[in-house]
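Observations on chain architecture
Here is what each chain is made of, one letter per residue.
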Amino acid sequence: MKILIATEKPFSKEAVSGIREIVEKNGHELALLEKYTDKKELLDAVQTANALIIRSDKIDKEVLDAAKELKIVVRAGAGYDNVDLEAATANNVCVMNTPGQNSNAVAELVFGMLVYLARNGYTGKAGTELRGKRLGLHAFGYIGKLVAEIAQGFGMKVFAFSPSLARDPKLGEPHGVTACQNPEELYNNSDIVSLHMPANAHTKESINYELMSRLPEDGIIINTARKEVIHEADMVKIMTERPNFKYATDIPPANNAEMAEKFAGRYLASTKKCGAQTAEANMNAGLAAAEQIVAFLESGDETFKVN
Ligand code: 3PG
């Protein structure tokens, strides 16, 4: 079978070698499409692929329809909002993610961004410390739990909201986390909020003025989730009204230029999403994707199927 890695933002060389080893050892063939700049390249490459390993690459109906031989797509990572699940199901294509495999890289970046903002971009202007501050985790999956662990090393108090935590607050106890019943309660109890929810119809633009205004005047939002969850106009509004409010995002928003100009010194956006861009995360997620494909092709194993 032909397994195609199609990554606009490539894995490390070591991760690609590791994937190749798994693929070839199991009698399959590996094809590679990296750093493509035109969708046409992807449409051509998928035509003969039986399996696909992707990252944030957009796999829409057009791509799925072009991939006549495709049986499985594995998103090497957590969020699969870039795959049209309905079209995949209609085409009898199994879609999986690799949950947890790149979480630590994202969790560490949260603190990279947070310390940068708290210390005013390392300009020498007096900033604030994290010890004793209240950190709110909006969603509490693999990444949220790791962020909670690191935050406690900084001496922060950690609160979290997720629907499952609200149903069963005891789930927070082993992680040293106080569960909140709803997002409003979370923002009322936080100095800083870190976002960890997926992008979907329910979360789209859910981080709005009403919620953010519950944070203190000098509140901080860290977004390593998805740009879609932010209500961008509301973010501009609150940062305009509150001169000490800060925002860092790993996913440059549509209004990045406006934000960078208006809020210089208290706004940070990655040049390109880099939360999962570590040697370790590439290796973990890439190899997991390859193993999952081999198991699916060989025995029909559908663990981690999301459609
Ligand atoms: C994920 O959902 O796993 C992260 O956002 C990482 O995305 P990336 O593979 O495009 O870096």
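Remember, predicted model here, so these are calculated numbers, not experimental data.

Some thoughts on the nonpolar core
Counting 28 residues, the largest nonpolar core has Phe111 and Ile222 as its most contacted members. Mapped onto this core, the elements with two or more residues apiece are helix H5 (103-118), strand E6 (134-138), helix H6 (142-153), strand E7 (157-161), strand E8 (177-179) and strand E10 (220-223). Here the element with the most residues in this core is H5; it accounts for 9 residues. When near neighbours in sequence (up to four residues on either side) are disregarded, Ile222 contacts Val110, Met113, Leu114, Leu117, Ile192, Val193, Ser194, Leu195 and Ala248.

Concerning the layout of surface pockets
When its volume is computed, the second largest pocket comes out at roughly 630 Å³. Lining the second largest pocket are 21 residues, and of these Glu8, Ser56, Asp57, Lys58 and Lys273 lie nearest its centre. Partitioned by chemical class, the residues of the lining of the second largest pocket number 4 nonpolar, 3 polar and 14 charged. Composition of the lining of the second largest pocket by domain shows at least three residues from each of domain 1 (2-101 + 277-299) and domain 2 (103-269).

Some points on H5
Helical geometry note: an α-helix holds 3.6 residues per turn, so side chains three or four residues apart project in the same direction. Along its 16 residues, H5 runs 23 Å from first to last C-alpha, staying within 8% of the 22 Å computed at 1.5 Å per residue. Looking one or two residues beyond H5, the residue adopting positive phi is Asn120, at roughly 55°.

What counts as what
- Along every chain, residues carry numbers that run from 1 in the direction the sequence is written.
- Only residues with pLDDT of at least 70 get local features here, since the model is predicted, and only at 80 or more are side-chain atom pairs given and counted; chain-wide, interface and lining totals rely on the full set of residues.
- Hydrogens and waters are ignored; side-chain quantities use all the structure's heavy atoms.
- By nonpolar core we mean a set of buried residues, namely Ala, Val, Leu, Ile, Met, Phe, Trp, Tyr and Cys, connected to one another through side-chain atoms within 4.5 Å.
- In this scheme, a residue with accessible area under 20% of its type's maximum is buried, one over 50% is exposed, and one in between is partly exposed, where area comes from a 1.4 Å probe on protein chains only.
- Numbering of helices and strands runs from the N terminus; a helix is a DSSP stretch of H or I covering at least four residues, while a strand is a stretch of E covering at least two.
- Between two residues, a contact is recorded if the distance between any of their heavy atoms is within 4.5 Å.
- A cavity, in this analysis, means grid points on a 1 Å lattice covering only the protein atoms where a 1.4 Å probe fits yet has no way out; a pocket is instead an open set bounded by protein on both sides within 12 Å along at least five of seven lines, and a residue lines either one if it has an atom within 4 Å of a point.
- Grid points are joined across faces, edges and corners, and a volume is the space filled by probe spheres set on the points.
- Throughout this entry, Asp, Glu, Lys and Arg are counted as charged residues, while Ala, Val, Leu, Ile, Met, Phe, Trp, Tyr, Cys and Pro are counted as nonpolar. The remaining residues, Gly among them, count as polar.
- All domain edges in this entry derive from an automatic or database-based domain assignment.
- An expected span of 1.5 Å times one less than the residue number is assigned to each helix.

Note that every value here comes from positions in space, so none of it alone points to a role or purpose.
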